2 protein chains.
Amino acid sequence: TIVSLREKAESIIQAELKKSTSTLKNLTPSQKQSIQNLTLSISDKILNDPILFLKKKADRPSLNTYLDVTRKLFNLDHNNGNMDNEDRLK
Amino acid sequence: TIVSLREKAESIIQAELKKSTSTLKNLTPSQKQSIQNLTLSISDKILNDPILFLKKKADRPSLNTYLDVTRKLFNLDHNNGNMDNEDRLK
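Residues numbered from 1 in each chain as written. Chains lettered and ligands numbered in written order. Predicted model: local features only at pLDDT ≥ 70, side-chain atom pairs only at ≥ 80, totals over all residues. Heavy atoms only, no water.

Novice: Please clarify how the overall build of chain A should be interpreted in this entry.
Specialist: A tally of helices and strands in chain A yields five helices and zero strands. Relative to its 90 residues, chain A shows a buried fraction of 41%. For chain A, contacts bridging at least 24 residues in sequence account for 60% of all contacts bridging at least 6. When the accessible area of chain A is evaluated, it comes to approximately 5200 Å², of which 49% is carbon and sulfur surface. (Helix = DSSP H or I, 4+ residues; strand = E, 2+ residues; numbered from the N terminus. Buried < 20%, exposed > 50% of the residue type's maximum accessible area, 1.4 Å probe, protein only. Contact = heavy atoms within 4.5 Å. Areas by Shrake-Rupley, 256 points an atom, 1.4 Å probe, with all protein chains shown as cover.)

Structure below.
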């Protein structure tokens, strides 16, 4: 679930950066790099609390509920079939 | 909860943009604006699924569970006391 969350954020960033290529085309490579770092660090910070929370709950009986809700909230299962617990913990 | 989520994302973006001021200082105002738009749209997209999900569940008995878990995941209550249901729905 944590890996899926990160992958989802990553693909959103890539898609948005691609859309902005035209506005960013006059930037130097190092400026582009800073903007990419900026977007990555924003997305990391947004997802940091949910990820910390899930890690803290690992091994507790309530974890499965939280994992289920996280997958539902972020719509992480839309293109997967059933998964077992081991997959969901990822 | 939805409002708090958005506010939280907004404050993360502002903090990260501020940290990047030095790298971005050579940009034109319009380039800065595009970068701000880019970061906003990334954060909107990351939070879009959770927000849609919560809106879709509004009025269902399961909504409270989802709201509770969302608040826990995003650590939205760290500086608030108790809140009633009406507050949590925001």
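Novice: I keep staring at the relation of the copies chain B and chain A and nothing clicks. Help me out?
Specialist: Each of the two chain copies can be brought onto the other by rotation about an axis and movement along it. Under the fitted operation, chain B is carried onto chain A by 0.0 Å of movement along the axis and a turn of 180°, and the coordinates agree to an RMSD of 0.0 Å. What the rotation and shift describe, once combined, is the action of a two-fold rotation axis. Among all residues of chain B, the one whose C-alpha sits closest to the rotation axis is Thr39(B), at a distance of 3.0 Å. Comparing contact sets, 100% of the residues at the interface of chain B also lie at the interface in chain A, consistent with an isologous, same-surface contact. (Least-squares fit on C-alpha atoms with pLDDT ≥ 70 in both.)

Novice: Sorry, what's going on with the nonpolar core here?
Specialist: Note on soluble globular proteins: their nonpolar side chains tend to be buried together. Ile35(A), Ile46(A), Phe74(A), Ile35(B), Ile46(B) and Phe74(B) are the most contacted members of the largest nonpolar core, which has 46 residues in total. For this core, the secondary-structure elements that each account for two or more residues are α1 (2-19), α3 (29-57) and α4 (63-73) of chain A together with α1 (2-19), α3 (29-57) and α4 (63-73) of chain B. Not counting residues within four places of it along the chain, the set of residues in contact with Ile46(A) comprises Ala9(B), Ile12(B), Ser43(B), Ile46(B), Leu47(B) and Phe74(B). (Core = buried A, V, L, I, M, F, W, Y, C linked by side-chain atoms within 4.5 Å.)

Novice: Where do I start with α1(A) in this structure?
Specialist: Working note: α-helix, 3.6 residues per turn, so residues spaced by three or four point in the same direction. Between its first and last C-alpha, α1(A) extends 26 Å over 18 residues, near the 26 Å set by a 1.5 Å rise per residue. Burial in α1(A) covers these residues: Ile2(A), Leu5(A), Lys8(A), Ala9(A), Ile12(A), Ile13(A), Glu16(A) and Leu17(A). For α1(A), the arc enclosing every buried residue in end-on projection is 165°, short of the 170-degree limit, so these residues lie on one face. With respect to the buried face of α1(A), the exposed residues turned more than 90 degrees away are Glu7(A) and Lys18(A). Of the surrounding secondary structure, the elements contacted by the buried residues of α1(A) are α2 (21-24), α3 and α4 of chain A together with α3 of chain B. (Expected span 1.5 Å × (residues − 1). Arc of directions from axis to C-beta.)

Novice: Just checking my understanding: could you explain the packing of α4(A) against α4(B) for this structure?
Specialist: Packed helix pairs are characterised by how far apart their axes lie and by the angle those axes make with each other. Running from N to C, α4(A) and α4(B) cross one another at 90°; their axes reach a closest spacing of 10 Å. Relative to α4(B), the element α4(A) lies roughly perpendicular. Residue-level contacts link Tyr66(A), Val69(A), Thr70(A), Lys72(A) and Leu73(A) of α4(A) to Tyr66(B), Val69(B), Thr70(B), Lys72(B) and Leu73(B) of α4(B). Of the residues that constitute the contact of α4(A) with α4(B), the class distribution is six nonpolar, two polar and two charged. (Axes fitted to C-alpha atoms, helices over the stretch in contact; angles between N-to-C directions. Parallel < 35°, antiparallel > 145°, perpendicular 65-115°, else oblique. Nonpolar A, V, L, I, M, F, W, Y, C, P; charged D, E, K, R; others polar.)

Novice: It is not clear to me how the pattern of salt bridges should be interpreted in this structure. Could you clarify?
Specialist: If the charged atoms of two oppositely charged side chains come close together, the side chains can form a pair. For the coordinates displayed, the defined rule picks out eight salt bridges over all chains. Notably, a salt bridge pairs Lys8(A) with Asp49(B), separated by 2.2 Å at the nearest N-O pair. With Lys8(A) in helix α1 and Asp49(B) in helix α3, this residue pair bridges two chains. Across the pair, Asp49(B) and Lys8(A) agree in class, each one buried. Shared partners join several salt bridges into a network, and the residues in it are Glu16(A), Lys19(A) and Lys45(B). (Salt bridge = Lys/Arg side-chain N within 4 Å of Asp/Glu carboxyl O.)

Novice: Help me understand unusual backbone geometry, please; the structure alone is not making it clear to me.
Specialist: For residues other than glycine, phi is negative in most cases, and the peptide bonds are mostly trans. Residues and elements named next belong to chain A. Here the phi dihedral of Asn75 falls at roughly 50°; this positive angle occurs in a residue that is not glycine. Checked against the element boundaries, Asn75 lands in the loop between α4 and α5 (85-89). Its relative accessible area of 33% is what places Asn75 among the partly exposed residues.

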